[in-house]
Amino acid sequence: MPEANVNFGVLHRTCKALVFLCFIYISLTLVYYAKSVNFRLDFMQNQQSQVRTEANKLASKDFGALATRDTQAVNSTKTETTKPLEKCPDPSPLLVGPLRVEFSAPVSLEVVMQENPDLREGGRYTPTDCVALQKVALIIPFRNREEHLKYWLYYLHPILRRQQLDYGVYVINQAGEETFNRAKLLNVGYVEALKEYDYDCFVFSDVDLIPMDDRNTYRCFSQPRHLSVSMDKFGFRLPYNQYFGGVSSMSKEQFLKINGFPNNYWGWGGEDDDIYNRLVSKGMSISRPSGAIGKCRMIRHERDRKNEPNPQRFNRIARTRQTMHSDGINSLSYSVVKLEKLPLYTRITVDVGKPTK
């Protein structure tokens, strides 16, 4: 078999060329790979940067919106806080109508205080959700009627609050043992109440009369108001057309127009008819609620000592037109013995003197 003739020089050069080509191929591959990795890193970093930018924008936008809402909420709260109250409606939407009034069980002042926690010292009350239409002073002539006063406070405070009145209760207590003078005590109550507050309406009430319907509003009207028109004592009827006793109301202007009440009616009776004559002489008329709404109950009791019927009352009533300009608020004289600011009322003890012989 013939021997192969092999050229080892050519073979060596060929191998070196293949190795070189492989090296070039591998180098190019590595360079391409490195660039590809760098591109991916740059792309990922760019994407992350865009994500962070968008997130920051969204966060900034959300924060701005939240801040705007907070500012609007604060401004809204301020607006609601500073918004002035509207006037109370007439009639009050809190009224319930006919009431059950009984005097069989004793009344505790502690219970009255618990049931009327929003009263202020001196028996003052002001509605919190609206502006009362009138500022009313309730004036009670008084002496030795503590149990009657408890019933009056027990029933009247809830009624007056439901009527949405800006009111205060003044019990004018006659000091000493002289003959009782109801009308003069009412004059005193008018003067003393105005020392404390700018009242524009005055309700004059006996301590033993309780309304049986809270729609009988204890406030003032365009004409003097007789509020106790249907008393159980008189069979829930008006005893006579000129009757103005029990509970009545007058505005400040109406009261001053008649020079207040007479000061010289000592003992029981006559002053109510004198007041009626004063009103009529000044061209005013008496307004009244209906007989059904104006019902009230009287607490039964014996006639008080030193409050016997006034024997001079008929003679004085006949002379009202001659005496009213000199006997009234312009001739009132008295002295305050003691002033007490109690939780349910203001008690003012006064010396009103004694009848002249």
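It should be noted that the structure appears before, not after, this text.
Residues numbered from 1 in each chain as written. Predicted model: local features only at pLDDT ≥ 70, side-chain atom pairs only at ≥ 80, totals over all residues. Heavy atoms only, no water.

## Describing the state of the cysteines
Here is step 1: One pass over the structure, following the stated rule, counts 2 disulfides.
Here is step 2: Disulfide pairing is shown between C88 and C130; the S-S distance is 1.9 Å. Measuring handedness by torsion sign, the sulfur bridge of C88 and C130 sits at about 90° and is right-handed. Of this pair, C88 sits in the loop between helix 1 (8-82) and helix 2 (109-115) while C130 sits in the loop between strand 1 (124-125) and strand 2 (135-142), and the two are 42 residues apart along the sequence. C130 matches C88 in its accessibility class, with the two residues each being buried. (Disulfide = S-S within 2.5 Å. Helix = DSSP H or I, 4+ residues; strand = E, 2+ residues; numbered from the N terminus. Buried < 20%, exposed > 50% of the residue type's maximum accessible area, 1.4 Å probe, protein only.)

## Thoughts on empty space enclosed by the protein
Here is step 1: For the structure on display, the rule yields 2 cavities of 30 Å³ or more.
Here is step 2: Computed from the structure, the largest cavity encloses a volume of approximately 130 Å³.
Here is step 3: Lining the largest cavity are 14 residues, with P89, D90, Q163, T217 and R219 sitting closest to its centre.
Here is step 4: The class makeup of the residues in the lining of the largest cavity is 7 nonpolar, 5 polar and 2 charged.
Here is step 5: Considered as a void within the structure, the second largest cavity measures approximately 30 Å³ in volume.
Here is step 6: R182, L186, F204, F244, S248, F261, D272 and I275 are the residues that line the second largest cavity.
Here is step 7: Broken down by secondary-structure element, the contributors of at least two residues to the lining of the second largest cavity are helix 4 (182-196) and helix 6 (271-281).
Here is step 8: Counted by class, the lining of the second largest cavity contains 5 nonpolar, 1 polar and 2 charged residues. (1 Å grid on protein atoms, 1.4 Å probe; cavity = no way out; pocket = protein on both sides within 12 Å on 5 of 7 lines; lining within 4 Å. Points joined across faces, edges and corners; volume = space filled by probe spheres on them. Nonpolar A, V, L, I, M, F, W, Y, C, P; charged D, E, K, R; others polar.)

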